[in-house]
Amino acid sequence: MKTEIYNNILIRRIFILTIVSLFGLIDVSYGQDPIFSQFYNNPIYYNPAYTGSNPGMRARLNYRNQWNKLPTDYNNYTLAIDAAEPNLPGAGGLGLVFQSDFDGFGNIKTTSASLVTSVKVEFSESFLAMYGLGASFVQKTSDWNGMVFSDQLDPRYGIVHSTAFQQPDFYKIYYPDFGTGLLFRFCESSEYFKKIIATFSFGAQHVFRPDISFTGTNKIKLPVKMVITGDLLLDNDSEASGPRGNVQNKASSFKLNPGFLYERQGDMSNFSIGLNAYKSFIYSGLWIRSQSFTFTNIHDLIVMVGANIPFTENSTIKVRYSYDYVLSGLRRSVGTTHEISLLYELSNFSIFGQKKSSTRVKPGTQHSCSNCPLF
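Residues numbered from 1 in each chain as written. Predicted model: local features only at pLDDT ≥ 70, side-chain atom pairs only at ≥ 80, totals over all residues. Heavy atoms only, no water.

1. What about the packing of aromatic side chains?
At step 1: Under the definition given, this model contains 13 aromatic pairs.
At step 2: A ring pair is formed by Phe123 and Phe127, whose centres lie 5.2 Å apart and whose planes are at 25°; its orientation type is stacked.
At step 3: Its relative accessible area of 28% is what places Phe127 among the partly exposed residues.
At step 4: Among the aromatic side chains, those forming a connected cluster through ring pairs are Phe36, Tyr45 and Tyr46. (Phe/Tyr/Trp six-rings, centres within 6.5 Å; stacked < 30°, edge-to-face > 60°. Buried < 20%, exposed > 50% of the residue type's maximum accessible area, 1.4 Å probe, protein only.)

2. Structural notes on the pattern of salt bridges
At step 1: Following the criterion strictly, the structure yields eight salt bridges and no others.
At step 2: Here Lys225 ties to Asp33 by a salt bridge, and the two come within 3.4 Å at their closest N and O atoms. One end of the pair, Lys225, is in strand 10 (residues 225-235); the other, Asp33, is in the loop between helix 1 (2-30) and helix 2 (43-46), with 192 residues separating them in the sequence.
At step 3: Taking the relative accessible area as the measure of exposure, Lys225 reaches 2% and is therefore buried.
At step 4: Residue classification places Asp33 among the buried residues on the basis of a relative accessible area of 15%.
At step 5: In this structure, the salt-bridge partner of Glu339 is Arg64, at a minimum N-O distance of 2.7 Å. In this pair, Glu339 is assigned in strand 16 (residues 337-346) and Arg64 in strand 1 (residues 57-65), connecting sequence segments 275 residues apart.
At step 6: Assessed through its relative accessible area of 0%, Glu339 is described here as buried.
At step 7: Overall, the relative accessible area of 3% leaves Arg64 in the buried class.
At step 8: Beyond isolated ion pairs, a larger network of salt bridges with shared partners links Arg64, Arg289, Asp300, Asp324 and Glu339. (Salt bridge = Lys/Arg side-chain N within 4 Å of Asp/Glu carboxyl O. Helix = DSSP H or I, 4+ residues; strand = E, 2+ residues; numbered from the N terminus.)

3. Quick look at the pairing of strand 16
At step 1: Taking every second residue as pointing to the same face, the buried face of strand 16 carries Thr337, Glu339, Ser341, Leu343 and Glu345, while none of His338, Ile340, Leu342, Tyr344 and Leu346 on the other face is buried.
At step 2: Note that strand 15 (residues 315-326) and strand 16 share 10 bridges and pair antiparallel. When the sheet's bridge partners are listed, Tyr323 is paired in strand 16 with His338. (Pairing = 2+ DSSP bridges.)

4. Describing a nonpolar patch on the surface
At step 1: Judged by side-chain polarity, Leu61, Leu79, Ile81, Leu94, Leu96, Phe98, Leu115, Ile309, Val319, Ile340 and Leu342 come together as a nonpolar surface patch covering roughly 840 Å² of accessible area.
At step 2: Within the residue set of the nonpolar patch, elements represented by two or more residues are strand 2 (75-84), strand 3 (91-103) and strand 16.
At step 3: Sorting elements by how many residues they give to the nonpolar patch places strand 3 first, with three residues.
At step 4: Within the element layout of this structure, Leu61 appears in strand 1.
At step 5: In this structure Leu61 comes out as partly exposed when scored by relative accessible area, which is 42%. (Patch = residues over 30% accessible without salt bridge, like charges linked within 9 Å, V, L, I, M, F, W, Y side chains within 5 Å. Areas by Shrake-Rupley, 256 points an atom, 1.4 Å probe, with all protein chains shown as cover.)

5. Brief notes about the confidence of the model for the protein
At step 1: Summarising the model, the protein shows a mean pLDDT of 79, and 70% of its residues fall at 70 or more.
At step 2: The low-confidence segment residues 1-30 (pLDDT under 50) makes 36 contacts with residues lying over four places distant or belonging to another chain.
At step 3: Long-range and interchain partners of residues 240-248, a stretch whose pLDDT sits below 50, account for 14 contacts in this model, where long-range means more than four residues apart. (pLDDT = per-residue confidence, 0-100. Contact = heavy atoms within 4.5 Å.)

6. Details of unusual backbone geometry
At step 1: At Arg209, a residue that is not glycine, the phi angle is positive and equals roughly 50°.
At step 2: For Arg209, the position within the fold is in the loop between strand 9 (195-205) and strand 10.
At step 3: Under the relative-accessibility criterion, Arg209 is labelled partly exposed at 37%.
At step 4: Notably, Ser280 is not glycine yet its phi reads approximately 55°, a positive angle.
At step 5: Structurally, the position occupied by Ser280 is in the loop between strand 12 (268-279) and strand 13 (282-290).

7. A word on the nonpolar core
At step 1: Core analysis: the largest hydrophobic core is formed by 29 residues, its most contacted members being Phe39, Ile44, Tyr46 and Leu183.
At step 2: Elements that contribute at least two residues to this core include exactly helix 2, strand 5 (127-142), strand 8 (172-188), strand 10, strand 13 and strand 14 (298-310).
At step 3: Sorting elements by how many residues they give to this core places helix 2 first, with three residues.
At step 4: Among all residues touching Tyr46, those that are not within four sequence positions of it are Pro34, Ile35, Phe36, Phe39, Gln205, Lys225, Val227, Leu261 and Glu263. (Core = buried A, V, L, I, M, F, W, Y, C linked by side-chain atoms within 4.5 Å.)

8. Description of the environment of Leu96
At step 1: Summarising the element assignment, Leu96 is placed in strand 3.
At step 2: On the basis of relative accessible area, Leu96 is assigned to the partly exposed category, the value being 37%.
At step 3: In sequence terms Leu96 and Gly134 are 38 residues apart; their C-alpha atoms lie 9.1 Å from each other.

What follows is the structure in structure tokens.
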């Protein structure tokens, strides 16, 4: 009896392993990039036009642990650093993005380093546009011995056969990759909000479709990924992101930030929409994700909480955690997803140094869109 129960559990785990491994192989074949629930905390990963879109310097660290019930890890790490350059006409900013991703059930690892830059055109104090470019160097490695294929499985004894799948010619490949994007931002004020910031962006990754095949015969072109984002920041106190001397104002202020993301790569797409809020140093958010624009087939419910911690007079640390709850029956097999982001923001920073004549904008005056605060 115990042997039968053990075999059932083993077969169930092998079945899950096989299904997810096949999804991993599909991802490699069709090239679906990792997704983030907190995409708003990882903007230059999606679109290089966000580089330097806010004043100062930011360092963002994102960690995503997907499907925690699986026997092995399915993790993604991203470190993005960018800085604005207000002292050069037309300059947007400069940044670096480092990424490490384990896909194909942990048997395929992708590591990349990217240099991103942007230029900025200010049409007025209330409206600007930015154009960004990103160049990446990518390394992809495979662990063939860790993969499980359907022809290896026996319905009673599990993995007992050898596979007929042909081993790859290479276990490690390198290739360059490029991305580009546009961003438009409009800033205004009203009777109820001291700052209203509307941002819309369009980005494209893998524009030259690099070959990601591990074999020397069959080429697999990485599909172009299209990303469209939009958000509206309603801030009732634009000094809320200022120095520690404004702590009382920060505690009494609040912000609302509705937004959306649509990304499409090959035949796969994701659409996320939701609302973030800020009050008394606390962040919260509620989002839904689907594979279409309809609300009749929602796949994930995402809850976010976090804290804003003033570190020094000109720097802030922001910590946010999100929990993805799978709404389909797949939840019983794969579990849930956890994501953590850590943001260090230094407001008074310039790549080539601050101008002596630069002064802080007084509260209540019209800000330039270049000085728009972060959520």
